Each structure stands twice: as C-alpha cells, then as structure tokens.
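Survey of secondary and tertiary structure
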Amino acid sequence: VGSEMCIRDSTRAMREGLGRLGVGIQAEESELEVRGTGGAFAIPLRPLECGASGTTMRFLTACAALAPGKVVLDGPQRMRERPIGELCDALGELGARASSVAGYPPVTVHGGGLRVGTITLDAAPSTGSGSTSTKGRTGKGKGTKSGCRICGRGDCDGSCAPAPRPKGSKGKARGRAAMGGRK
C-alpha cells in the first residue's frame, strides 16, 4: 500500500503540474491521454507544487525552461532536502535561467526556450532517481553532448528510461525532457 500511495501522489503531482503548464490530460479507464502544447507551455500564476516526487520536480523544472516567463516549483520540507542544483546548472548551459536555494528547491526558472544540445546528468545524489536527460531544440547555437547514463548512447532520446509513454502524443515539441528512475 505504501508504494501504491507514493505512485498515486507522484502521478497526481505530475498531472496537476503539467495541467498548470497548459498540457491537456484526460483519464480514460486505466490510461491517461496526454495532449502536448507544441512546446508552448503556459505560465502558472502560483508555484507548481511537486509534492514529495523528485521525478515530478526534475521533469517540470525542465518543462518550465520552455515556458515564456517565470515558473516557481516547490514541495514539502523533504523535497527541500533533495538536490536539484545540477539540473539548474545544466538548463543554464542550454540557455535557461534556473536557480535554487543553495542547490535545493524551491526552484525558479525563467524560461523561453533552450539552445540545441544534450546534457546528461549524474542524479545519483538524489534518492530514488537514476538519470535525468534534458534535450532542447530551438535552432540556436551548440550544446554539450555526452552519452546517456542509462544506455550509454550519445544519440539517446531518453526512451531507454523506465517511464511510461503518454498515450496519443503526437508531434515533437520545441523541447523535450525525459526522466527515468531506477527501482
């Protein structure tokens, strides 16, 4: 029951956060249909609450880099003890301004797009996570390239991560973020 509750809380936090960024999510029986925004995320009026879900915090932080303004992400005290500075730094390398409090949430992202590039992060310090890979495409400049920490491929699109694919997603957004965790 404990792990089921955690999954439900994480799923709820992700659904609410994506919804506040303008992503359409429809529940159909035991599946979710996700309708993307084409990379044009909305700017939420108040902070995105990620709950105790590190995956939600990392994924929505990367998404926030594509919103055309300021997005704040936060969570409970336990979340504020989990490192996020490396992701903020990586997003900075791709052109976003992301800041945290001494490397921990809350996170403030001033988005608007990302330069072309691939950044691979070592997420070992964050409990419950294995790898975070963020890709951005806006047609500007060059980014940093390295191999995926899960499969080792330099051209990995994040699909090797053990995360479910959204049902009915079509087209490519201006930027993508894929997060995976190890169990």
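Our structure's up above, just so we're on the same page.
Before going into details, it helps to say that this report is about the structure given with it.

**What to know about the overall build of the protein**
Helices and strands together make up the secondary structure of the protein, namely 3 helices and 9 strands. Shown N-terminal to C-terminal, the secondary structure of the protein runs as helices and strands in the order α-β-β-β-α-β-α-β-β-β-β-β. Looking at the protein as a whole, 40% of its 183 residues qualify as buried. Sequence-distant contacts, at least 24 apart, represent 59% of the contacts inside the protein between residues at least 6 apart.

**Let's talk about the pattern of salt bridges**
Oppositely charged side chains may form a pair once their charged atoms are brought near each other. Scanning all chains against the criterion turns up 4 salt bridges. The partner of Glu-16 in a salt bridge is Arg-12, with the nearest N and O atoms 3.4 Å apart. With Glu-16 and Arg-12 both in helix α1 (residues 2–20), this residue pair falls 4 residues apart, about one helical turn. The class of Arg-12 is partly exposed, set by a relative accessible area of 38%.

**Quick word on a negative patch on the surface**
A contiguous patch of negative charge, built from Glu-86, Asp-89, Glu-93 and Asp-122, is present on the exposed surface. When residues of the negative patch are assigned to their parent elements, the largest contribution, 3 residues, is made by helix α3 (residues 85–93). Relative to the elements of secondary structure, Glu-93 occurs in helix α3. Using a relative accessible area of 41% as the deciding quantity, one classes Glu-93 as partly exposed.

**A word on the nonpolar core**
Core analysis: the largest hydrophobic core is formed by 33 residues, its most contacted members being Leu-18, Leu-60 and Leu-73. Looking at this core, the elements that each hand over two or more residues are α1, α2 (54–64), β4 (70–74), α3, β6 (104–110) and β7 (117–122). When residues no more than four places from it in sequence are discounted, the contact partners of Leu-73 are Leu-48, Cys-50, Met-57, Leu-60, Thr-61, Ala-64, Pro-106, Val-107 and Val-109.

**Here we look at the side chain of Arg-82**
Examined against the element boundaries, Arg-82 turns out to sit in the loop between β4 and α3. Despite its burial, Arg-82 remains without a salt bridge, the nearest opposite charge being carried by Glu-81 at 8.4 Å. One polar contact links the side chain of Arg-82 to the main-chain carbonyl oxygen of Ala-52, over a distance of 3.3 Å.

**Remarks on α3**
Listing the buried residues of α3 in full gives Gly-85, Leu-87, Cys-88, Ala-90 and Leu-91. Two residues or fewer after α3 comes Gly-95, characterised by a positive phi angle close to 105°.

**Topic: the sheet that holds strand β3 (residues 48–49)**
In spatial order, the strands read β3-β4-β6-β5; together these 4 strands make up an open sheet with mixed pairing. Bordering the open sheet on either side are β3 and β5 (97–101), each of which pairs with just one other strand. The sheet contact formed by β4 and β6 spans 4 bridges and is antiparallel. In the sheet register, Lys-70 faces β6, and the bridge partner there is His-110.

How each quantity is defined
Residues numbered from 1 in each chain as written. Predicted model: local features only at pLDDT ≥ 70, side-chain atom pairs only at ≥ 80, totals over all residues. Heavy atoms only, no water. Helix = DSSP H or I, 4+ residues; strand = E, 2+ residues; numbered from the N terminus. Buried < 20%, exposed > 50% of the residue type's maximum accessible area, 1.4 Å probe, protein only. Contact = heavy atoms within 4.5 Å. Salt bridge = Lys/Arg side-chain N within 4 Å of Asp/Glu carboxyl O. Patch = residues over 30% accessible without salt bridge, like charges linked within 9 Å, V, L, I, M, F, W, Y side chains within 5 Å. Areas by Shrake-Rupley, 256 points an atom, 1.4 Å probe, with all protein chains shown as cover. Lys, Arg positive; Asp, Glu negative; His and termini not counted. Charge placed at Lys NZ, Arg CZ, Asp CG, Glu CD. Core = buried A, V, L, I, M, F, W, Y, C linked by side-chain atoms within 4.5 Å. Polar contact = N/O pair within 3.5 Å; in protein donor to acceptor, adjacent residues only side chain to side chain. Pairing = 2+ DSSP bridges.

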